[in-house]
Each structure stands twice: as structure tokens, then as C-alpha cells.
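Inside the fold
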Amino acid sequence: AQKVTQAQTEISVVEKEDVTLDCVYETRDTTYYLFWYKQPPSGELVFLIRRNSFDEQNEISGRYSWNFQKSTSSFNFTITASQVVDSAVYFCALSEMDSSYKLIFGSGTRLLVRP
Amino acid sequence: SAVISQKPSRDICQRGTSLTIQCQVDSQVTMMFWYRQQPGQSLTLIATANQGSEATYESGFVIDKFPISRPNLTFSTLTVSNMSPEDSSIYLCSVEDSGGLNTIYFGEGSWLTVV
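Note that the coordinates shown come from a computational prediction; the quantities given were computed from them, not determined experimentally.

**Topic: the overall build of chain A**
Tallying secondary structure elements over chain A gives 0 helices and 12 strands in all. Secondary structure elements of chain A, listed N to C terminal, follow the sequence β-β-β-β-β-β-β-β-β-β-β-β. Here chain A has a C-alpha radius of gyration of 14 Å; the compact-globule value for 115 residues is 13 Å, and the two agree. Principal-axis analysis of the C-alpha atoms places the extent of chain A at approximately 45 × 25 × 20 Å. Taking all 115 residues of chain A together, the buried fraction comes to 46%. By sequence separation, contacts in chain A at least 24 residues apart represent 56% of the contacts at least 6 residues apart. As displayed, chain A has an accessible area near 5,600 Å², and 48% of this comes from carbon and sulfur atoms. Of note, chain A has its 11 positive side-chain charges centred 2 Å away from the centre of its 14 negative side-chain charges.

Now the structure itself:
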């Protein structure tokens, strides 16, 4: 069965610190997609990244980077030099190819960046 | 990326009433989904809205409680029927953007409070 685990319920850092949000997934499919979304207090879900199971290259986008390791079924997200505007709930999600793009979400990690 | 608009953005509803949420997309999309996010929780898929046919509901969700319409490839509605305080949630519409990226985007969400 598919499952996404975000073990960190809440993380608090001081501005400019680096922070890593963990995501571990379970799936029997060989073809799947992993996503990260940001949900600020306003409630909308902001797409950050999509990664397919055949692409294990790490990705960097500005202060954001993602580390995908199939060997450990993990897709971790790092924010470098965090800013107050990064404060939000971050969700990791899994979509299996056979599931018609239905997303299975983790429980989310609330990130608080203090000035 | 697809631009998704939801109405209403927020509403306070009386117990026992029904409310219809609209989701409009700025381009034609094949897959549209409705998710629910209860307070402090993660997102759970309610149903997949199929154009020209009945919606496909996930376990725990039924058509009588959450009727869905999908009259065309850019629009869908979700009705929350006979509301109770337990229905207080954010309801989010999402689409699979098949413009080459197979990415899943979300609307801004509709915050419903049932009193």
C-alpha cells in the first residue's frame, strides 16, 4: 500500500539557518511521482517540485534543494538560509502511475522561521 | 501552469444547509479532483470529477453527501450537503496539468465553517 511519512510535525529555526524537511514514502509501483507543496497561512497549496521515480538527480532551485534517494525511499527538502516568508506547512505527496494522478499526502511539517 | 479559481473563498454556513463550491480552470484539463483538509490535518481525496460521467469517490465519501458535477473540461462543482460542524474544512480543487509536465496544481481553497 502507498504511504507518505513526514515524521517532523513542527520545526522551528532562526532566520538564515538551513533546515531539512524529511519525507519517506512507500509504494509497490516502479513508476511514481513525488511532490512537495507549500501551504502558507492563507491556505492555498503552492506547487514546489515534481520528481518522477526514474530521475534520481538532485535538484536545486534558488534556496531550495531536493534530495531523492530510492535506496532509502526518501525525498527530502532543504531550505538554505531560511527566511521568515518560508514559514508555512510543507507537504510531501506521492502519486502512483496507475492511480490516475491521485495524490497521497504526508501529514505535513509546520516550519516556523523566527526573525 | 493552469490557473485555478475557486468560489467561494470563505463561507460560514448553518448546520443542515448545503453549499456548492465552484472550480474554474483557465485551460481544458482531463483530470480534476476534489480534496478536503480538516483543521490541522493533511489533505484527503474526496473524488475524481470525470467529464461526462459520474464522479469516482474514494472510500468514506459518498455521492449523496458530496455530489459533484463536471459539465465540461474547464469547470466542476462540489456540493457539501446537509452540513454539520464536522464538515468545517478547506475544500480544494486540483487539476492535472497535462501540458507536458503532468504536474498537479491546486486552487486557493474554499474555507467552510459550519455553525
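Anyway, onward from the coordinates.
**Examining the sheet that holds strand E1 (residues 4–7) of chain B**
What links the strands of a sheet is backbone hydrogen bonding, and the strands pair in either a parallel or an antiparallel sense. All names here are of chain B. Pairing within the open sheet is antiparallel, and its 4 strands lie in the order E1-E3-E8-E7. Looking at which strands have only one partner, the edges of the open sheet turn out to be E1 and strand E7 (68–72). When strand polarity is set aside, the average angle formed by the axes of neighbouring strands in this sheet is 15°. The pairing of E7 with strand E8 (residues 75–80) spans 3 bridges and is antiparallel. Bridge assignment links Ser 69 to a residue of E8, and that residue is Thr 77.

**A word on the state of the cysteines**
Within the structure shown, the criterion is met by 2 disulfides over all chains. Paired by a disulfide, A:Cys23 and A:Cys92 hold their sulfur atoms 1.9 Å apart. In this structure, the disulfide formed by A:Cys23 and A:Cys92 twists by about -65° around the S-S bond and is classed as left-handed. Within this pair, whereas A:Cys23 is found in the loop between strand E3 (19–21) and strand E4 (24–26), its partner A:Cys92 is found in strand E10 (residues 88–96), the two being separated by 69 residues in sequence. Just as A:Cys23 is buried, A:Cys92 falls in that class too. Sulfur-sulfur distance for the disulfide between B:Cys23 and B:Cys93 comes to 1.9 Å.

The rules behind each value
- Residues numbered from 1 in each chain as written.
- Chains lettered and ligands numbered in written order.
- Predicted model: local features only at pLDDT ≥ 70, side-chain atom pairs only at ≥ 80, totals over all residues.
- Heavy atoms only, no water.
- Helix = DSSP H or I, 4+ residues; strand = E, 2+ residues; numbered from the N terminus.
- Rg over C-alpha atoms; globule rule 2.2 N^0.38 Å.
- Buried < 20%, exposed > 50% of the residue type's maximum accessible area, 1.4 Å probe, protein only.
- Contact = heavy atoms within 4.5 Å.
- Areas by Shrake-Rupley, 256 points an atom, 1.4 Å probe, with all protein chains shown as cover.
- Lys, Arg positive; Asp, Glu negative; His and termini not counted.
- Charge placed at Lys NZ, Arg CZ, Asp CG, Glu CD.
- Pairing = 2+ DSSP bridges.
- Axes fitted to C-alpha atoms, helices over the stretch in contact; angles between N-to-C directions.
- Disulfide = S-S within 2.5 Å.

Take it as geometry only, folks, not as evidence of what the structure does.
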